[in-house]
Amino acid sequence: KLYETILNTGGYMFKKNKSYIRKKLHDKYGGNRQSGISKSKKHNIIMLFTGNKGKKYGYNDGWKGEFFYYYGEGQVGDMEFKRGNKAIKNHILDNYELHLFKNISNGYVKYMGKFVYEGYEIDEGYDTKGNLRKIIVFKLIPYEKYQNRL
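Notes on the structure follow.

What counts, and at which threshold
Residues numbered from 1 in each chain as written. Predicted model: local features only at pLDDT ≥ 70, side-chain atom pairs only at ≥ 80, totals over all residues. Heavy atoms only, no water. 1 Å grid on protein atoms, 1.4 Å probe; cavity = no way out; pocket = protein on both sides within 12 Å on 5 of 7 lines; lining within 4 Å. Points joined across faces, edges and corners; volume = space filled by probe spheres on them. Helix = DSSP H or I, 4+ residues; strand = E, 2+ residues; numbered from the N terminus. Nonpolar A, V, L, I, M, F, W, Y, C, P; charged D, E, K, R; others polar. Phe/Tyr/Trp six-rings, centres within 6.5 Å; stacked < 30°, edge-to-face > 60°. Buried < 20%, exposed > 50% of the residue type's maximum accessible area, 1.4 Å probe, protein only. Polar contact = N/O pair within 3.5 Å; in protein donor to acceptor, adjacent residues only side chain to side chain. Patch = residues over 30% accessible without salt bridge, like charges linked within 9 Å, V, L, I, M, F, W, Y side chains within 5 Å. Areas by Shrake-Rupley, 256 points an atom, 1.4 Å probe, with all protein chains shown as cover. Salt bridge = Lys/Arg side-chain N within 4 Å of Asp/Glu carboxyl O. Lys, Arg positive; Asp, Glu negative; His and termini not counted. Charge placed at Lys NZ, Arg CZ, Asp CG, Glu CD.

**Here's the deal with the layout of surface pockets**
As a volume, the largest pocket reaches approximately 740 Å³. Lining the largest pocket are 32 residues, with R22, Q34, F49, K53 and N103 positioned closest to its centre. Counting residues per element, the ones that place at least two in the lining of the largest pocket are α2 (22-29), β3 (45-50), β5 (67-71), β6 (97-105) and β7 (108-126). Here the lining of the largest pocket takes four residues from β6, the largest share from any one element. Grouping the constituent residues of the lining of the largest pocket by class yields 10 nonpolar, 15 polar and seven charged.

**Section: the packing of aromatic side chains**
Taken as a whole and assessed by the stated rule, the structure comprises 13 aromatic pairs. Taking the centre distance of 5.9 Å and the plane angle of 90° together, the rings of F14 and Y20 count as edge-to-face. As far as burial versus exposure is concerned, F14 and Y20 are alike and both buried. For the pair F81 and Y120, a centre-to-centre distance of 4.9 Å together with 70° between the ring planes defines the contact as edge-to-face. Of the two residues, F81 sits in the loop between β5 and α3 (83-89) while Y120 sits in strand β7, which places them 39 residues apart along the sequence.

**A closer look at unusual backbone geometry**
In this structure, N17 takes a positive phi of about 70° despite not being glycine. Relative to the assigned elements, N17 resides in the loop between α1 (2-7) and β1 (19-21).

**Here's the deal with the side chain of T50**
By the element assignment, T50 lies in strand β3. A polar atom in the side chain of T50 sits 2.7 Å from the side chain of D61.

**A few points about a negative patch on the surface**
Side chains of D78, E121, D123 and E124 sit close together on the surface and give a patch of like negative charge. Position of E124 relative to the elements: it lies in strand β7. On the basis of relative accessibility, which here comes to 54%, the residue E124 falls in the exposed class.

**With respect to the pattern of salt bridges**
With the rule as written, the count across this model stands at four salt bridges. Where K23 meets D27, a salt bridge forms, and the shortest distance between an N and an O atom there is 3.2 Å. Residue K23 and its partner D27 are both found in helix α2; the two are separated by four residues, about one turn of the helix. A residue is classified by how much of its surface remains accessible, and K23, at 52% relative accessible area, is exposed. Between E97 and K114 there is a salt bridge, with the nearest N and O atoms lying 3.4 Å from each other. Taken together, the residues span a long stretch of sequence, with E97 in strand β6 and K114 in strand β7 at a distance of 17 residues.

See the structure below:
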């Protein structure tokens, strides 16, 4: 019940499948405009951005069953639980909501929904320098499915 209380406090209203201009999201909510993991300093939200451009850097975000697998941040060396990766892992304890957006074209993103961190796996892949490394892959569940379990 504690998690349910924390997750219901934000009230940020994004419409599922609606397109937004990423720049305007950052103007309103703050957060890093370049990173795939964008934690707001103004609001209790973390905006996650996914898309095909990440594949060339070894990111292979996507659905597996009921979970969305989201690759952590960091392009060189082993990924660690710092910055955005730590923010995702601790979002419930820190009272932050996770909101996932998919890059669709030239600064436009489509809202995929509110998610909850369910765990992570460690994968292996190559960094931008061609070196083998450990990659953090987050298991995210849509908030509605998480809520139905409570």
